[in-house]
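Coordinates in review
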Amino acid sequence: MSVLECGQVHELLSPEDAPLSVAMWLARQHLSGGNVMWCETVTNLNAQALVFAGLPPNQLYRVRPRNHREAIWAMTEALRCRGIRVAIAMPMRLNDVEARRLQLAAERGGGIGILLRRPHETIHAARTRWLVKPALGDALTQRWHVELIHGHGRPTGQSFLLEVNRETHHVREIAIVADRSAASTPAIVAG
Amino acid sequence: MAVCDAARNDGIRIGMTSAEAAALSRDLIRLPYTPQQDLRGLEALGRWMMARISSHVALAPPDALLIEVGGSARLLGGLDRIARRTAASMRSLKVSADIAIAPTAGAAWALAVAGRNEQVDEAGILGALQRLPVWALRIESAAAEALHHIGIETIGQLLALPRSALPVRFGKGLLDRIDHATGRLPEPLHWLKPSWRIRERMVFESAIDSLEIIWAVLAVLVGRTSAELMRRGQGVLELQARFEPEQSPPTVQNIVLSTPTQQPKKIMELLRLSTETLRSGAGFIAIELIVMRSQRVCFQQSALIGAEEADAEQELSGLIERLRARLGETIVTRPRLIPSHIPERAFEWTSDLTITSNNPIADAIPARPVILAERPVEIGVVVTPSDDRTGRPISFTHQGRVHRLRLAIGPERIAGEWWNGHNKTRDYFDVEDETGRRFWVFRVGETFKWYLHGRFA
């Protein structure tokens, strides 16, 4: 998963909490000295956590739109902008026009768009879609189970565990070789 | 109040009733007396003079301007020419005026209000004042009346009185005014400050309300503003657009730019974004653009960094400007890290984007939840049995949902004052429920109450 295609929008779908940590990690992976913009209405985004996750405070911008229309407009503008490497938004419902606009904006800007959404949405703007669920962790790590459910040319069904060390804040991507549920102890290969 | 020369010739005087005046002249035009607007008009006239006669112009409301011409005399070819030039300027504006030149502001004013378009020098000043009425000294009407009662009508008569007796009978003000006029006492004047602000304004005969027309007007004003910016070698950093309805106070839109710009296209784009939702109501009768802040434009700026990087930087500032213009000035924020061990006080989101923070040493502090409530929410928690109520959490209930915990990592003790300034200790636990969701909960050491503070989402 670690390399997402640039100039594209990617979606992280999650049944419960929006997987902000996974988005942070992806943003850091693709930042390469650029800027990241959060375009969201989550009221209590903890800046300290974002910075600990490796997003430098001076490259971090946040926009808080008041409604869906503003959010889509702001996200489209952010994606179009070559000064933003990664733009993250949490839109609920998208219509075809909005989805297309986001995609075109990302192509123009050359960065990466990450949309955090619910799995049941029908209209997607994204090149790849990933289903993210919490997985069981331990005293030192928190884990997420990430599965590619739609991807151009990529094998769908491909799964990873993402592991965040709560002491060092390091993130490890662990490929799951056998197709087992994340809750059982998976056979893993460090990635 | 005032009357024009034509009306005066018909016999109309200040202080008449409207009916009396109407009886004297058939084509009488009556205009309301608006001191505020008159003052603005006077200031505008003063600024007009600043550009033509002298940079030192002071207002003497309600109807006089004081212009220091000593410095301009040589430049403009002598006092005669200045007087002629001033008179010509006033004529071209269709403003009737009496113009006098004297070594002191007081004397010039006295001559002008007495209708004596004269020039006097140091030597002639006393002689010229002699025959003028006392009110020409800019004295209070009470003092003028008191002088009238004792038969003093001209300045000459006044000057003949013993100096020492004046302050007692007529107040200190009178003596000061005499001295201002004769030059015995220098008179401080409040010169108009040169206006560095670029203001472009358009007034309409009838109110306009369609956004298309408003934008067309803005485009014209932007064009003029941009031309003036280029002339001055400056770029705008903050622009104010004022939309003035006929009755109510104006609607004001501010646009803040991150880099100084002169480009009309860019300015117009931002104006368009910020006025999309403009409520025109009954329409506007005037629109004005004011450059609130500007800065010298530096063309070498982009040579310092790589071209591509500069493009990206420029696009970023463009993006921020557009977001601010359409969604509000404080819409874009950036984190500022604050050295505090209280989690909710360790950062803030600030719209001041010039603020820079240092990267903290992250691994000194264990994981912090990405969603952190400003105010922790009290929750019910079941803890492991213990004698002193300090057991570890087994499950908690939040919004009617029971979370059975399979992990409780901690406690991490954070001491000190918290949200209400109370001095209490918190014992934090990272807890994970059976589905793998993680929360940040704490127990207050003093009260044993439990709170949910954040989510590791």
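Report follows, based on the coordinates.

Rules of the game
Residues numbered from 1 in each chain as written. Chains lettered and ligands numbered in written order. Predicted model: local features only at pLDDT ≥ 70, side-chain atom pairs only at ≥ 80, totals over all residues. Heavy atoms only, no water. Helix = DSSP H or I, 4+ residues; strand = E, 2+ residues; numbered from the N terminus. Contact = heavy atoms within 4.5 Å. Areas by Shrake-Rupley, 256 points an atom, 1.4 Å probe, with all protein chains shown as cover. Buried area = accessible area lost by both parts, 1.4 Å probe. Salt bridge = Lys/Arg side-chain N within 4 Å of Asp/Glu carboxyl O. Polar contact = N/O pair within 3.5 Å; in protein donor to acceptor, adjacent residues only side chain to side chain. Buried < 20%, exposed > 50% of the residue type's maximum accessible area, 1.4 Å probe, protein only. Phe/Tyr/Trp six-rings, centres within 6.5 Å; stacked < 30°, edge-to-face > 60°. Lys NZ or Arg CZ within 6 Å of the ring centre and 35° of its normal. Expected span 1.5 Å × (residues − 1). Arc of directions from axis to C-beta. Pairing = 2+ DSSP bridges. Axes fitted to C-alpha atoms, helices over the stretch in contact; angles between N-to-C directions. Left-handed = near helix turned anticlockwise from the far one by under 90°. Nonpolar A, V, L, I, M, F, W, Y, C, P; charged D, E, K, R; others polar.

With that settled, consider the overall build of chain B. Assigned secondary structure in chain B consists of 14 helices and 14 strands. Long-range pairs, those at least 24 residues apart, make up 50% of the contacts in chain B between residues at least 6 apart in sequence. Summing over all exposed atoms, chain B offers an accessible surface of approximately 25800 Å²; the carbon and sulfur share of this is 52%.

In this section: the interface of chain B and chain A. Facing the 55 residues of chain B at the interface are 54 residues of chain A. Here chain B meets chain A over a buried area of about 4700 Å², counting both sides, of which 58% is carbon and sulfur. Interface area lost by chain B to chain A is led by B:Leu327, B:Trp349 and B:Val370, which between them contribute 13%. At the junction of chain B with chain A, the criterion picks out eight salt bridges. For the salt bridge of B:Glu315 with A:Arg82, the shortest nitrogen-to-oxygen distance reads 3.2 Å. Linking chain B to chain A there are 24 residue pairs in polar contact (both at pLDDT 80 or more). Elements with a minimum of two residues in the side of chain B that touches chain A: α14 (307-327), β7 (332-337), β8 (347-350), β9 (371-383), β11 (401-414) and β12 (426-433) of chain B.

Before going further, it helps to examine the pattern of salt bridges. The final tally for this structure, using the stated rule, is 36 salt bridges over all chains. In this structure, A:Asp17 engages B:Arg455 in a salt bridge whose closest nitrogen and oxygen atoms are separated by 2.5 Å. Of the two residues, A:Asp17 is situated in the loop between β1 (8-13) and α1 (20-31) and B:Arg455 in strand β14 (residues 450-455); the pairing between them involves two chains. B:Arg413 is the partner of B:Asp427 in a salt bridge, and the nearest nitrogen-oxygen pair spans 2.8 Å.

So, on to the environment of B:Arg201. Residue and element names in this part refer to chain B. Relative to the elements of secondary structure, Arg 201 occurs in strand β3 (residues 199-208). When neighbours within four sequence positions are excluded, Arg 201 is seen to be in contact with Leu 221, Arg 224, Glu 244, Ala 286, Ile 287 and Glu 288. A polar contact of 2.9 Å, which involves the side chain of Arg 201, links it to the side chain of Glu 244. A distance of 3.2 Å separates polar atoms of two side chains, one belonging to Arg 201 and the other to Glu 288.

With that settled, the discussion passes to the side chain of B:Ser25. All names here are of chain B. Structurally, the position occupied by Ser 25 is in the loop between α2 (18-24) and α3 (35-52). Here Ser 25 falls in the buried class, since its relative accessible area comes to 7%. For Ser 25, the side chain forms a polar contact with the side chain of Asp 27, separated by 3.5 Å. Ignoring any residue separated from it by four or fewer positions in sequence, one finds Ser 25 in contact with Asp 10 and Ile 12.

The subject of this paragraph is the packing of aromatic side chains. Applying the stated criterion to the full structure yields seven aromatic pairs over all chains. Residues B:Tyr428 and B:Trp440 carry aromatic rings whose centres are separated by 3.9 Å and whose planes lie at 20° to one another, so their mutual orientation is stacked. Taken together, the residues B:Tyr428 in strand β12 and B:Trp440 in strand β13 (residues 438-444) connect sequence positions twelve residues apart. On the basis of relative accessibility, which here comes to 1%, the residue B:Tyr428 falls in the buried class. The rings of B:Tyr428, B:Trp440, B:Phe442 and B:Tyr451 are connected pair by pair, giving a single aromatic cluster. Between the NZ or CZ atom of A:Arg62 and the centre of the ring of B:Trp349, over which it lies, the distance is 4.7 Å. The ring of B:Phe442 has B:Arg426 lying over it, and the distance from NZ or CZ to the ring centre is 4.8 Å.

Residues and elements named next belong to chain B. An ideal rise of 1.5 Å per residue puts 26 Å on 18 residues; α3 measures up with 26 Å between its terminal C-alpha atoms. Three or more residues of α3 are buried, namely Leu 42, Leu 45, Gly 46, Met 49 and Met 50. In an axial view of α3, the angular spread of the buried residues amounts to 150°, which keeps them on one side of the axis. Away from the buried face of α3 by more than 90 degrees, exposed residues Gln 36, Gln 37, Arg 40 and Ala 51 are located. Buried residues along α3 sit against β1 (57-60), β2 (64-67) and α5 (78-92).

Take the sheet that holds strand β10 (residues 393-398) of chain B next. Each strand in a sheet pairs with its neighbour through backbone hydrogen bonds, running either in the same direction (parallel) or in the opposite one (antiparallel). Residue and element names in this part refer to chain B. Strand order in the closed barrel formed by six strands is β9-β10-β11-β12-β13-β14, and the pairing between neighbours is antiparallel. This sheet shows a mean twist of 45° between the axes of neighbouring strands, independent of strand direction. Bridge count for β10 against β11 is four bridges, and the pairing is antiparallel. Bridge pairing links His 398 to Arg 401 in β11.

For the rest of this paragraph, the subject is the sheet that holds strand β4 (residues 234-245) of chain B. Residues and elements named next belong to chain B. Taken in spatial order, the four strands make up an open sheet running β3-β6-β4-β5, and their pairing is antiparallel. Edge positions in the open sheet fall to β3 and β5 (251-261), since each of these has one partner strand only. In this sheet, adjacent strand axes meet at a mean angle of 15° when their direction is disregarded. Strand direction decides the pairing type here: β4 and strand β6 (residues 284-296), joined by eleven bridges, are antiparallel. Residue Gln 240 lies in a different strand from β6, and its bridge partner there is Ile 290. With respect to the sheet, helix α12 (residues 211-232) is in contact with β3, β4, β5 and β6, its orientation differing from that of β3 by roughly 165°. Against the sheet, helix α13 (residues 264-275) engages β4, β5 and β6, with an angle of about 145° to β5.

So, about helix α4 (residues 96-109) of chain A. An α-helical turn contains 3.6 residues, so a residue and the one three or four places further along point in the same direction. Residues and elements named next belong to chain A. Helix length check: α4, at 14 residues, gives a terminal C-alpha distance of 20 Å against a target of 20 Å (1.5 Å per residue), a fit within 8%. Buried residues of α4: Glu 98, Ala 99, Leu 102, Gln 103, Ala 105, Ala 106 and Gly 109, and no others. Buried residues of α4 fall within an arc of 160° about the axis and therefore sit on the same side. Summarising the contacts, the buried residues of α4 are in contact with β1, α3 (68-80) and β5 (112-117). Looking one or two places after α4, you find Gly 110, whose phi comes out positive at around 80°.

Residues and elements named next belong to chain B. Close contact between α12 and α13 brings their axes to 9 Å; oriented N to C, the two are set at 145°. In this structure, the crossing between α12 and α13 has a hand that is right-handed. Residues Leu 211, Trp 215, Leu 218, Ala 219, Val 222, Ser 226 and Leu 229 of α12 lie in contact with α13, whose contacting residues are Pro 264, Ile 267, Met 268, Leu 271, Arg 272 and Thr 275. Residue composition of the contact of α12 with α13, grouped by class: ten nonpolar, two polar and one charged.

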